[in-house]
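# Coordinate analysis (summary)
Residues per chain, in single letters:
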Amino acid sequence: MEAYLDNSATTQAFPSVCDTVVKVMSRDYGNPSALHRKGMEAEAYVRAARETIAASLRVSEKEIYFTSGGTESNNMAIIGAAMANRRAGSHIITTTIEHASVSNTMKFLEEQGFTVTYVPVDQYGVIDLEALEKAITRETILVSVMYVNNEIGSVQPVEAISQVIRRKKPDILFHADAIQAYGKFLIRPRRQGIDMLSASGHKIHGPKGVGFLYVKDRVKIRPVIFGGGQQQGLRSGTENVPGAAGMAEAAREIYKDHEMKIDYMYRMKERFTEGILELEGTKINGPLLREGAPHIVSVSFAGIRSEVLLHALEEQGIYVSAGSACSSHHPMPSATLKGIGVQKEYLESTLRFSFGAFTKMEEIEYTLETLKRLLPVLRRFRRG
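Residues numbered from 1 in each chain as written. Predicted model: local features only at pLDDT ≥ 70, side-chain atom pairs only at ≥ 80, totals over all residues. Heavy atoms only, no water.

Turning our eyes to something else, we now look at the nonpolar core. Ranked by internal contacts, the top residues of the largest apolar core, which has 57 residues, are Tyr147, Tyr182, Ile187 and Phe212. Sort the elements by how many residues they give to this core and helix H8 (residues 241-254) lands first, with eight residues. (Core = buried A, V, L, I, M, F, W, Y, C linked by side-chain atoms within 4.5 Å. Buried < 20%, exposed > 50% of the residue type's maximum accessible area, 1.4 Å probe, protein only. Helix = DSSP H or I, 4+ residues; strand = E, 2+ residues; numbered from the N terminus.)

Below, the structure written as structure tokens:
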């Protein structure tokens, strides 16, 4: 049996997404900037995709910009807003548990003379709202917070964050990295007070290499990619027509019977969590059950290195991710796990299990049975 439980890394595309992408690439392959019929057909796909994405958020299609993925969307929002609003101030706020596409962008801006405050989170990975309020100064121009954490599944109180910002300094821009949230939650940027929002196609059973950035009308943001002036001059470059059409199809599919899909995901999470806690020497990191996102469970296994367990599971046809963001050249403990106060001995003993629209309860049961069998063997081997 095979169990793919690494859906936070990437997802299998919906069949209808594959059909759409192939159709656009093989038949309706024109350049949307071209003036002939083929170009106009391609442009119609981009326009329809923008309308679909906008409808899923209840925003205007003019506020949706297609990008190459979540990383570009985050860079575009943060760097673009910082540079456009520099005269108003040079202070930015984020959290200690952001994705590298945000945290490394913040490091870049610090090199450009901006000041960045990293607000702490609690043991469940939720932002400290009092610390956020205290961090806001007259110089603050931007707050960027991850809607759902990619490692432990904590969900940030985005509306409460927005209220703190509006109460303290209304002209601060609020950016939400919703790469792990879009498709899992009903997101309403206008109601929730979000000025910019990032999402990625391959996290919602769409294609890789495409994402979008929502930018609220009249928000000041500078382009970070220059060229032919496509997408209202904010994101130059020939639009990825198959990608945009595929992502829109994925959005349509993921939000169809949405409540039922998410409830099933939560039930799988509940069963998995229950089974994990029955195993000796295990610890769940972050929020439990329905307090967190429906698709992510972070588990620490006492006395077993994450890479060893990951490969042992792989041999049994189970695919997961290491819980710490490590590079083979520069091993570094996960900033998220450190940020929530995970003990040192668990930092390199953590795996992330993540579910998607194709995950079945049988995969959950198979994984639990396999862990029950593997853990004692691996611990004995380590002691020996």
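Next up on the list: the environment of arginine 138. Counting through the fold element by element, arginine 138 comes out in the loop between helix H5 (129-135) and strand S5 (140-146). Taking the C-alpha atoms as reference, arginine 138 lies 9.4 Å from lysine 168; in sequence the two are 30 residues apart. Aside from chain neighbours lying at most four places away, what touches arginine 138 is Ala88 and Lys169. (Contact = heavy atoms within 4.5 Å.)

The next subject is the confidence of the model for the protein chain. Detailed reading of the predicted coordinates is not advisable wherever pLDDT is low. When the pLDDT values of the protein chain are averaged, the result is 94; 97% of them are 70 or greater. Low confidence marks residues 324-330, where pLDDT is under 50. Its contacts with residues over four positions away, or in another chain, come to twelve contacts. (pLDDT = per-residue confidence, 0-100.)

So, about the sheet that holds strand S10 (residues 296-301). One open sheet holds the four strands; their spatial order is S9-S10-S13-S12, and the pairing between them is antiparallel. This sheet does not close on itself; its edge strands, each paired only once, are strand S9 (282-285) and strand S12 (321-322). Pairing of S12 with strand S13 (residues 350-354) involves two bridges; the strand directions are antiparallel. Each bridged residue has a counterpart across the sheet, and for alanine 322 the counterpart in S13 is leucine 351. (Pairing = 2+ DSSP bridges.)

Attention now moves to the sheet that holds strand S2 (residues 64-67). Pairing between the strands of a sheet comes from backbone hydrogen bonds, and it takes one of two forms, parallel or antiparallel. Across the sheet, which stays open at both edges, the seven strands sit in the order S2-S8-S7-S6-S5-S3-S4 with mixed pairing between neighbours. Here the strands that pair on one side only, and so sit at the sheet edges, are S2 and strand S4 (115-119). If you compare each strand with its neighbour and ignore which way they point, the axes differ by 20 degrees on average. Of the strand pairs in this sheet, S5 and strand S6 (residues 173-177) are connected by five bridges, and their pairing is parallel. Residue pairing for S6: serine 144 is matched across the bridge by histidine 175. (Axes fitted to C-alpha atoms, helices over the stretch in contact; angles between N-to-C directions.)

What follows concerns the packing of aromatic side chains. Applying the stated criterion across every chain, the model contains seven aromatic pairs. Look at phenylalanine 14 and phenylalanine 358: their rings are 5.7 Å apart centre to centre, the planes differ by 50 degrees, and that puts the pair in the tilted class. Placement of phenylalanine 14 in the loop between strand S1 (3-4) and helix H1 (15-26) and of phenylalanine 358 in the loop between S13 and helix H13 (361-383) is noted, with a sequence separation of 344 residues between them. Residue phenylalanine 14 is classed as buried on the basis of its relative accessible area of 6%. For the pair phenylalanine 272 and phenylalanine 353, a centre-to-centre distance of 4.8 Å together with 50 degrees between the ring planes defines the contact as tilted. In this pair, phenylalanine 272 sits in helix H9 (residues 258-277) while phenylalanine 353 sits in strand S13, placing the two residues 81 residues apart along the sequence. Its relative accessible area of 0% is what places phenylalanine 353 among the buried residues. (Phe/Tyr/Trp six-rings, centres within 6.5 Å; stacked < 30°, edge-to-face > 60°.)

Right, let's talk about the packing of helix H3 (residues 70-84) against helix H4 (residues 100-111) for a bit. Where H3 meets H4, the closest approach of the two axes is 9 Å, and the angle between their N-to-C directions is 30 degrees. In terms of axis orientation, H3 runs roughly parallel to H4. The chirality of how H3 crosses H4 is right-handed. Taking contact as the criterion, the partners of Thr71, Asn74, Asn75, Ile78, Ile79, Ala82 and Met83 in H3 are, on H4, Ser101, Val102, Thr105, Met106, Phe108 and Leu109. Considering only residue class, the contact of H3 with H4 consists of eight nonpolar, five polar and no charged. (Parallel < 35°, antiparallel > 145°, perpendicular 65-115°, else oblique. Left-handed = near helix turned anticlockwise from the far one by under 90°. Nonpolar A, V, L, I, M, F, W, Y, C, P; charged D, E, K, R; others polar.)

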